Amino acid sequence: MVVLPCGAGKTSIALQAALEAGRSVLFVSYESLGAEQIRREVLKHTTVPPARVVLHAGSVRRKEQAQVGEGACFLSTTYHSLSQRGSPLRKVPFDLVVLDEAHHAAAPTFRDAILEAIEASVRVLSFTATLLRSDHSNLDFLGAVLYRASYLQLSRACLVSRIFVINVLCAFDHQFRKAHAMSTNKVTKTYLAALNPIKLDLVQRIVAYERYHNDCGLVFVKNLVVAEFVQQLLGARFEILAGSDPYATKEQRMHTLTSNSRLLERLRRRELDGLICSSVGEAALDLPDVAYAVSLQGCTGLSSDLQRMGRLSRTPRLEQRAHEVDDAFARRQRLAQRVARFYDLVTLGTEEQEALAKRRPLVAEVATKSITLSAKTAHDEFAEHERRTGRAGVVERTMKADRAARERILIRALRYHAFQTHSNEAQRASRRVTESARRKRAATPEPHVLMAGLAKKRMKRERERAHTESIMAANDVFDAIPLEPEVRGILRELRIEFSHDTTHTHTDAPGSSA
């Protein structure tokens, strides 16, 4: 096992090992984007024929399955694909198995599949940026650590960027604080903490500041509902990078491997100012031009927090010139070394604050410098910079000044749990239709091969129609879903009037700020 931080060149080491290992190599990544990136790097840096570099992840999984195990093959897949029941990859005697983000291999969902693949193969080489897991599982079954280097070691050698961490402590907006205290639903509390208007205002000011310096960046969230609000704030030059939306119809499923790859290319070409990323964007993204990141929802696992900061680790790699003395080369490296900013926005009095305390020791192992500010101090500093650079008013509309917008976000956050419940029920109804059709097909005599093919296509169409109808029904009735008693009580306490599909407020609601 090799323990190196993000951006240290693990992919290059893996490719060199793969070329020396033999004719068949299995690369395992955590996300489909990572698997696709491995395939692209193999094609770019080796002479392996494209037909023998196979992607077995995401929507191309079944199409490429026939090529598995047929002669020389560099195959790139994901932990999820490998762990699926009946996966043929576990039994293939690969010359080498390369595990990227190897700390995921210890997850109960993946462990048995990984062990089976290792036993069938000649050797295994694992890479990870951290040996830590939130469930404290160990990685001893992957073998001993052959080499290890810390982020700060490589940063001092100018091989990775210098990362400045700015922790911003945000007090709750009055209404959100009261709603958070009254809510008993953990998921709803998470939404309220993430959509705290004071944090949303800060995101706008951070992006405006970084745009002035012509830098692009990432905004990290956990939930799509949060990502959608942030995108509305930041505008068309920010897109959402996420996995498939379980509540979307077939026509609405925009977050695929292909579409996400296109977004990454647009960001590399600077057609976008940034991406709003779910967990899909935490690992294995090769984005050398990203200069800053904003963590809007920080309550993730410890390894995930390191992965987020790792997206900022890339820095230009220089070669020593002929007759250039070591000291001159070192000075040139330091001048070229990227300085990245990681803004960690935390809502006080929530689980986000508890998570911040837990990850401080890990941040100290990565950050060149770490400071903590209050939201007010950060706001004042950004406003002063805007004034000095003649950009006063660059953030045209803030949540603090827009009471109606604040309350729309509050209501959406409170109601989203009910929408999820409704959508999950629709999903279960769709699965029941599918299972009924499958059982009916299994009970009928074996048809002619042509009829079997037609029946399979018909069942697929019926399954897609049932799924689409059920999810469309869930989407169409969001505003018609009855408010839960707890939500009604919270809105009543906040003096926000409501009906089944509309909400408005008393103009004299006490304690609210205009």
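Note that the structure is predicted; figures quoted are calculated from it, not measured. (Residues numbered from 1 in each chain as written. Predicted model: local features only at pLDDT ≥ 70, side-chain atom pairs only at ≥ 80, totals over all residues. Heavy atoms only, no water.)

**Student:** I would appreciate a short explanation of unusual backbone geometry in the present structure.
**Tutor:** The bulk of non-glycine residues show a negative phi, and the bulk of peptide bonds are trans. The residue Glu-101 is not glycine, and still its phi comes out positive at about 50 degrees. Structurally, Glu-101 can be placed in the loop between β5 (96-99) and α4 (108-120). For Glu-101, a relative accessible area of 6% corresponds to the buried category. The backbone of Arg-495 shows a phi angle near 60 degrees, a positive value even though the residue is not glycine. Topologically, Arg-495 is positioned in the loop between α17 (485-493) and β15 (496-498). Residue classification places Arg-495 among the partly exposed positions, given a relative accessible area of 43%. (Helix = DSSP H or I, 4+ residues; strand = E, 2+ residues; numbered from the N terminus. Buried < 20%, exposed > 50% of the residue type's maximum accessible area, 1.4 Å probe, protein only.)

**Student:** Could you clarify how one ought to interpret the sheet that holds strand β1 (residues 2-3) in this entry?
**Tutor:** Within a sheet, adjacent strands bond to each other through the backbone by hydrogen bonds, running parallel or antiparallel. Strand order in this open sheet of 7 strands is β3-β4-β2-β5-β6-β1-β7, and the pairing throughout is parallel. Since the sheet does not close on itself, it has two edges, and those belong to β3 (53-56) and β7 (147-148), each with one partner. (Pairing = 2+ DSSP bridges.)

**Student:** I would appreciate a short explanation of the pattern of salt bridges in the present structure.
**Tutor:** Should their charged atoms come close, side chains of opposite charge can pair. Enumeration over the complete set of coordinates arrives at 21 salt bridges. Arg-308 is paired through a salt bridge with Glu-282; the nearest N and O atoms lie 3.1 Å apart. Taken as a pair, Arg-308 in helix α11 (residues 302-310) and Glu-282 in the loop between β11 (274-277) and β12 (290-295) lie far apart in primary sequence, 26 residues in all. This pair shows no difference in class: Arg-308 is buried, exactly as Glu-282 is. Its salt-bridge partner being Asp-344, residue Arg-359 comes within 2.8 Å of it at the nearest N-O pair. (Salt bridge = Lys/Arg side-chain N within 4 Å of Asp/Glu carboxyl O.)

**Student:** Is there a simple way to explain the sheet that holds strand β14 (residues 369-374) in this structure?
**Tutor:** The parallel open sheet is built from 7 strands, whose spatial order is β10-β11-β9-β12-β13-β8-β14. Edge strands, defined here as strands with exactly one partner in the open sheet, are β10 (238-241) and β14. This sheet shows a mean twist of 20 degrees between the axes of neighbouring strands, independent of strand direction. Of the strand pairs in this sheet, strand β8 (residues 162-170) and β14 are connected by 6 bridges, and their pairing is parallel. Its bridge partner being in β14, Val-168 is matched across the sheet by Leu-373. Docked against the sheet, helix α10 (residues 257-268) engages β9 (216-220), β10, β11 and β12, running at close to 145 degrees with respect to β10. Most of the contacts of helix α13 (residues 351-364) go to strand β13 (residues 339-347), to which it runs at about 150 degrees, and overall it touches β8, β13 and β14. (Axes fitted to C-alpha atoms, helices over the stretch in contact; angles between N-to-C directions. Contact = heavy atoms within 4.5 Å.)

**Student:** Which parts of the structure should I look at to understand the nonpolar core?
**Tutor:** Note on soluble globular proteins: their nonpolar side chains tend to be buried together. By size, the foremost hydrophobic cluster in this structure holds 53 residues, and its most contacted members are Phe-27, Ile-163, Leu-218 and Leu-275. Leave out the neighbours within four places in its chain, and Leu-218 touches Leu-267, Leu-275, Cys-277, Leu-287, Val-290, Tyr-292, Ala-293, Val-294 and Arg-311. With 52 residues, the next largest nonpolar core counts Phe-176, Leu-224, Tyr-416 and Val-487 among its residues. (Core = buried A, V, L, I, M, F, W, Y, C linked by side-chain atoms within 4.5 Å.)

**Student:** Which parts of the structure should I look at to understand helix α8 (residues 197-212)?
**Tutor:** Since the α-helix advances by 3.6 residues per turn, residues separated by three or four positions end up pointing in the same direction. Compared with an ideal rise of 1.5 Å per residue, which puts 16 residues at 22 Å, α8 spans 23 Å between its outermost C-alpha atoms and is within 8% of the ideal. Taking burial as the measure, the 16 residues of α8 include 12 buried ones, the bulk of the element. Within α8, the full set of buried residues consists of Pro-197, Lys-199, Leu-200, Asp-201, Leu-202, Val-203, Gln-204, Arg-205, Ile-206, Val-207, Ala-208 and Glu-210. Just downstream of α8 lies Asn-214, where phi reads positive at about 60 degrees. (Expected span 1.5 Å × (residues − 1).)

**Student:** In this structure, what is going on with the confidence of the model for the protein chain? I would like to understand it.
**Tutor:** In low-pLDDT regions, the fine details of the predicted coordinates are not to be read closely. Per-residue confidence for the protein chain gives a mean pLDDT of 81, with 78% of residues at or over 70. pLDDT under 50 marks residues 62-66. Its contacts with residues more than four places away, or in other chains, come to 4 contacts. Throughout residues 500-514 the model reports pLDDT below 50, and contacts reaching past four residues in sequence, or to other chains, amount to 34 contacts. (pLDDT = per-residue confidence, 0-100.)

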